[in-house]
Amino acid sequence: MSLTLRWSTDLVTYFGSSFWGMEPDLPHDAFEREVDADPRPYFDRMLDGAADAGLSGIELAPAPGGWVNALRSYGTAAAFKKQLDTRGLTMSSSYVLPVLLKAVLDAPDAQSRRDAERALHEDTAAHAEFLRTVGCPTLVTSTIPRAEFSDVAGVEADAEKFDAPADVDLLDAIANQLDGIGDVAAAAGLHVAVHTDAYSLASRTADIDALMTRTDPAKVKLCIDAGHIALDGGDPLAVIDKHSSRAPVLHWKDCALHLPPHTLSGPPMARHDEMIKYFRVMGSEDGIVDWHRWTQILDRNAWSGWAVAEIDMSPDPQREIRQGIDYYLRELSGN
């Protein structure tokens, strides 16, 4: 097999509160406040951990492990790059939640939409400039959910709405916004990559196909996450077979089963906490992704790029990062 890849991890792997000696079930907003108060020690330890795990790079995460706190920690993008350089690390990618994208799509009138779009583009430009200085070409984001979740704990959402075909006008609007931030990123020499968040309009095969057809392939790419696609009942093998040439970054994560989206309820982080119970490290006995076929398809498609070994909020990130990579080296690299 001639697969050429470099290993990275998303810093969300280090978000497990018990790893930091905090309460094991500390709510994420409390963890975020702890990190925000003084992010430098946390970033130092996460970067040290990535280097100690033998990784080549890192992916910046949503808050509190994102580009804003990296800048707060070290003062400038150049100083952050120096911290990476001294550890032999580079940045594979940097993830930002699609909060500002959703604000554009939810805008009630034309003026509100213009204001929201300006905020989205300004934030993208600042993020892209940081990444340009650091030497990272890929700004990762996602799209909005396919349907509305129930915010009331224990009350399920409408399953039919999640399974209905995506609204064509909405897909057009999302694609237009992705092209817009792609243009902003391209001005800094970067591209945008759409992460295949479970239950979003970039997780199921038909939705991914539609967005890729509607967007500029030079500026809008994919960050394919096997675990997220499988959790939503999709086929990650079909996605990489068709779109790996457009995916500079792949998340090599598994899951234990399909978790129907309508069964998730409560506030967003409560739903996330339930979701991550089903994610698995690549090579876990109860994982459902066929990693042999995954690597065979990538090899046949002559894919090369960043492989992100990550598992959300791991209690033992060093062990789990190495577990996934060791599985690849032992079982898959000779496919």
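Residues numbered from 1 in each chain as written. Predicted model: local features only at pLDDT ≥ 70, side-chain atom pairs only at ≥ 80, totals over all residues. Heavy atoms only, no water.

Caption draft 1: Region of the structure containing the state of the cysteines. Evaluated as defined, the whole model comprises zero disulfides. With no disulfide of its own, Cys136 has Cys223 as its nearest cysteine by sulfur position, at a separation of 11 Å. By relative accessible area, which is 2% here, Cys136 ends up buried. Judged by relative accessible area, Cys223 falls into the buried class, the value being 0%. (Disulfide = S-S within 2.5 Å. Buried < 20%, exposed > 50% of the residue type's maximum accessible area, 1.4 Å probe, protein only.)

Caption draft 2: Structural context of the pairing of strand S5 (residues 191-195). Extensive coverage of S5 is indicated by the burial of five of its five residues. The side-chain alternation of S5 yields two buried faces, one formed by His191, Ala193 and His195 and the other by Val192 and Val194. Sheet analysis places S5 next to strand S6 (residues 220-225), joined by four bridges and oriented parallel. Its bridge partner being in S6, Ala193 is matched across the sheet by Lys221. Remark: the S5/helix H9 (residues 205-214)/S6 crossover connection has right-handed handedness. (Helix = DSSP H or I, 4+ residues; strand = E, 2+ residues; numbered from the N terminus. Pairing = 2+ DSSP bridges. Right-handed = clockwise from strand over helix to strand, strands pointing away.)

Caption draft 3: Fine view of the side chain of Glu310. With respect to the helices and strands, the residue Glu310 is situated in the loop between strand S10 (304-308) and helix H14 (317-332). Separated by 3.1 Å, the side chains of Glu310 and His251 make a polar contact. Setting aside anything within four residues of it in sequence, one finds Glu310 in contact with Thr9, Asp10, Val12, Thr13, Asp225, His251 and Lys253. (Polar contact = N/O pair within 3.5 Å; in protein donor to acceptor, adjacent residues only side chain to side chain. Contact = heavy atoms within 4.5 Å.)

Caption draft 4: Structural detail: the layout of surface pockets. Quantified by volume, the second largest pocket comes out at close to 510 Å³. If you go around the second largest pocket, you meet 26 residues; those closest to its centre are Gly16, Pro24, Asp273, Ile276 and Met313. Within the residue set of the lining of the second largest pocket, elements represented by two or more residues are helix H1 (28-37), helix H12 (268-275), strand S9 (279-281) and H14. When the residues that make up the lining of the second largest pocket are grouped by side-chain class, the tally is 13 nonpolar, seven polar and six charged. (1 Å grid on protein atoms, 1.4 Å probe; cavity = no way out; pocket = protein on both sides within 12 Å on 5 of 7 lines; lining within 4 Å. Points joined across faces, edges and corners; volume = space filled by probe spheres on them. Nonpolar A, V, L, I, M, F, W, Y, C, P; charged D, E, K, R; others polar.)

Caption draft 5: Focus on the packing of helix H3 (residues 67-74) against helix H4 (residues 77-86). Where H3 meets H4, the axes come as close as 8 Å, and the angle between the chain directions of the two elements is 90 degrees. Taken together, the axes of H3 and H4 are roughly perpendicular relative to one another. Across from Ala70, Leu71 and Tyr74 in H3, the residues of H4 making contact are Ala77, Ala79, Phe80 and Gln83. Class assignment for the residues of the contact of H3 with H4 results in six nonpolar, one polar and no charged. (Axes fitted to C-alpha atoms, helices over the stretch in contact; angles between N-to-C directions. Parallel < 35°, antiparallel > 145°, perpendicular 65-115°, else oblique.)

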